[in-house]
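Chain by chain, the residues run as shown.
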Amino acid sequence: MSDQSAEMTPEHMPLNVVVGVAGGIAAYKACHLVREFTEAGHSVRVVPTPAALNFVGAATFEALSGNPVDTGVFAKVDKVQHVRVGKEADLIVIAPATADTIARIAAGRADDLLTATVLVATCPVVLAPAMHTEMWENPATRDNVATLRRRGVIVLEPAHGRLTGTDTGAGRMLEAEQIAEMARTVVKRGRFERSLEGKKVVISAGGTQENIDPVRFIGNRSSGRQGFALADIAVHRGADVTIVAGATDELFTPPGANIVRVRSTRDMEQAVNDAAEGADIIIMAAAVADYRPEEEATSKLKKGQADDSLSTVKLVENPDILKGLVDKHVPATIVGFAAETDTPLEHGKAKLARKGADMLMVNDVSGGKVFGEKRNSGWLLAKDGGVEEIADGTKHEVAAGIWDAIEKLLPN
Ligand code: C5P
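Residues numbered from 1 in each chain as written. Predicted model: local features only at pLDDT ≥ 70, side-chain atom pairs only at ≥ 80, totals over all residues. Heavy atoms only, no water.

**Structural notes on the overall build of the protein chain**
(1) Moving on: Helix and strand counts for the protein chain stand at 13 helices and 19 strands.
(2) Moving on: Relative to its length of 412 residues, the protein chain is compact, with a C-alpha radius of gyration of 24 Å against a globular reference of 22 Å.
(3) Moving on: In terms of principal-axis extent, the alpha carbons of the protein chain reach across some 85 × 50 × 40 Å.
(4) Moving on: Looking at the 412 residues of the protein chain, the share that counts as buried comes to 53%.
(5) Moving on: A separation of at least 24 residues holds for 68% of the contacts in the protein chain among residues at least 6 apart in sequence.
(6) Moving on: When the accessible surface of the protein chain is summed, it comes to about 18,300 Å², and 50% of that surface belongs to carbon and sulfur atoms.
(7) Moving on: Distance from the positive charge centre (46 side chains) to the negative charge centre (56 side chains) of the protein chain: 2 Å. (Helix = DSSP H or I, 4+ residues; strand = E, 2+ residues; numbered from the N terminus. Rg over C-alpha atoms; globule rule 2.2 N^0.38 Å. Buried < 20%, exposed > 50% of the residue type's maximum accessible area, 1.4 Å probe, protein only. Contact = heavy atoms within 4.5 Å. Areas by Shrake-Rupley, 256 points an atom, 1.4 Å probe, with all protein chains shown as cover. Lys, Arg positive; Asp, Glu negative; His and termini not counted. Charge placed at Lys NZ, Arg CZ, Asp CG, Glu CD.)

Right, here's the structure in full:
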């Protein structure tokens, strides 16, 4: 259970959540998803397909949700259950969504309680697909997914990884925390379109590290969480995403994003410049070390040496990656981040003018705020002087707000 779910909605507004479970081996992960929602205070009704019960028994779902479990349209006919469950739902999340269930929903079928529920519902519907790569890539599934997305159903990208058996590929179901996070963002933001389809996006995340000697380095407190959340939202809006990541916490990799791992500022500069080729949008969310030791010692520096080299490590300035991109007139929309204290808005405005980016997200990090935390807030400063406040929210919610603002800047 992640403590993210404790913030399912900041207002702690309990929702009626239907967790649909289709018949795939990933059904066991649906148990964790049910816990994510119930522990956040929501009322959960699990609606498995009959095939799902081959993997997890009804008793497990009943015990975890505290609600009865039915699979067919002829259960509790006196209560018109096949219509009622969908009508009363505030959110439907189907995890796993198999190729067959996706096909049946796309065809508008209502041959079990789950598909009937979806057909009736007017609330957000989120599908977390899980299937073998061949099925995911089959034109039939591609068409069904495209049809559902066109109709406003949110079909999450599956992860790339270990599938049933020993094979790996695209089609692995996201982890329960990732699904709950996306569902929360959908409910909170109320908008989820494929608005970045065809766009190439580069996002730097995490902190760079500069070696002093084989043991020590200069680093910073960035977790990479905001950059990864920006990447996650961009992936789900249809973008082709590359993350250039320095040191980060252990984070879920946004499904389908390319990740280039780097350590120093100069490594990051190289990787960002390489990825910038043909990019439409570049977001520098990384906390980049402004200075590095002039020389990296090959042996461990010792305390109390005659030259006192440990207490007087000489620093030299690193390249400014963001400014370099602007100065080179890279034809992309360029967004920077600024972690500030004291008078963050004033510092941010000065920084935007100095760096020349199209937009700057300013965070107030005084008193240890933001770094490593799950929530964020701040101001988005535009080149034309516009200031938009980004309200407190999870880093995914903040990322969705930042993307809404970036999309307004894009040509067409
Ligand atoms: O100057 P400062 O580090 O506060 O600027 C922050 C913004 O500039 C961030 O977007 C960061 O990723 C970027 N930056 C950079 N290269 C540096 C320092 C910061 O690209 N050397």
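Structure shown, so let's carry the discussion forward.
**Section: the packing of aromatic side chains**
Here the distance between the centres and the angle between the planes together describe a pair of aromatic rings.
(1) Moving on: Tallied over the full model, the rule gives 0 aromatic pairs.
(2) Moving on: One Lys or Arg, R142, reaches over the ring of W136 and ends 4.5 Å from the middle of that ring.
(3) Moving on: Geometry around F217 places R263 over its ring, the cationic atom sitting 5.2 Å from the centre. (Phe/Tyr/Trp six-rings, centres within 6.5 Å; stacked < 30°, edge-to-face > 60°. Lys NZ or Arg CZ within 6 Å of the ring centre and 35° of its normal.)

**Quick word on unusual backbone geometry**
(1) Moving on: Of note, the amide linkage connecting A95 to P96 takes the cis form, showing an omega dihedral of 0°.
(2) Moving on: Mapped onto the elements of the fold, P96 is located in strand β3 (residues 91-97).

**Remarks on the sheet that holds strand β13 (residues 281-284)**
(1) Moving on: One open sheet holds the 8 strands; their spatial order is β12-β11-β8-β13-β16-β17-β18-β19, and the pairing between them is mixed. Single-partner strands in this sheet number two, and they are β12 (258-261) and β19 (387-394). The sheet shows a mean angle of 20° between the axes of neighbouring strands, direction not considered.
(2) Moving on: Strands in contact with helix α10 (residues 265-276) are β8 (200-205), β11 (240-245), β12 and β13; relative to β8, the strand with the most contacts, it is inclined by about 170°. (Pairing = 2+ DSSP bridges. Axes fitted to C-alpha atoms, helices over the stretch in contact; angles between N-to-C directions.)

**Concerning the UniProt feature "domain: DNA/pantothenate metabolism flavoprotein C-terminal" (unreviewed entry) in the protein chain**
(1) Moving on: When the UniProt feature table is mapped onto this chain, "domain: DNA/pantothenate metabolism flavoprotein C-terminal" (unreviewed entry) is found at residues 196-408.
(2) Moving on: Its end C-alpha atoms 12 Å apart, residues 196-408 is made of 27% helix and 28% strand. (UniProt positions renumbered as here; feature names shortened; annotations may be inferred.)

**Observations concerning the side chain of K395**
(1) Moving on: If you trace the backbone, K395 turns up in helix α13 (residues 395-409).
(2) Moving on: Despite its burial, K395 pairs with no opposite charge; the closest candidate is E373, at 6.9 Å N-O.
(3) Moving on: Leave out the neighbours within four places in its chain, and K395 touches S223, R225, Q226, A229, V370, G372, E373, K374, R375 and N376. (Salt bridge = Lys/Arg side-chain N within 4 Å of Asp/Glu carboxyl O.)

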